[in-house]
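# A structural walkthrough
Spelled out from the first residue to the last, the chains are:
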Amino acid sequence: MLFRNHGDYEVTCNFLSKEGQEVAKKRVCHNVSKKEARDGMRDYITNRFSDIIDVAHPIKVVAKLTAK
């Protein structure tokens, strides 16, 4: 009951680089809520790619529950 909304999520993130190219990254997050999966991916992208992200455009993050 405590982990009812937890599961494995495939998280896709799209953002624009400073050069104007679209960049897409995909990861799987295990045993987390949908919000935790999206937030974790957003943190990962902003930390890992901070030098190439075009901050004038939004970072789009989509999380989908994976089939078991």
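Below or above, wherever it landed, is the structure these notes cover. Quick caveat, the model's predicted, so the values are computed rather than measured.

What follows is about the nonpolar core. The biggest cluster of nonpolar side chains holds 15 residues, and the ones touching the most others in it are Val11, Cys13, Phe15, Ala37, Ile45 and Ile59. Within the residue set of this core, elements represented by two or more residues are β1 (7-16), β2 (22-32), α1 (34-48) and β3 (60-65). The contacts of Ile45, once residues within four sequence positions are left out, are Cys13, Phe15, Lys25, Ser50, Ile53 and Ile59.

Taken together, the nine bridges between β1 and β2 define a ladder with antiparallel strand orientation. Across the sheet, residue Tyr9 finds its bridge partner in β2, namely Cys29. Hairpin remark: β1 followed by β2, antiparallel, with five residues in the connecting loop; positive phi at Gly20, about 90°. For β1 and β3, the ladder comprises six bridges, and the chain directions are antiparallel.

Analysis parameters
Residues numbered from 1 in each chain as written. Predicted model: local features only at pLDDT ≥ 70, side-chain atom pairs only at ≥ 80, totals over all residues. Heavy atoms only, no water. Core = buried A, V, L, I, M, F, W, Y, C linked by side-chain atoms within 4.5 Å. Buried < 20%, exposed > 50% of the residue type's maximum accessible area, 1.4 Å probe, protein only. Helix = DSSP H or I, 4+ residues; strand = E, 2+ residues; numbered from the N terminus. Contact = heavy atoms within 4.5 Å. Pairing = 2+ DSSP bridges.

Read these as layout, nothing more, since geometry by itself doesn't imply function.
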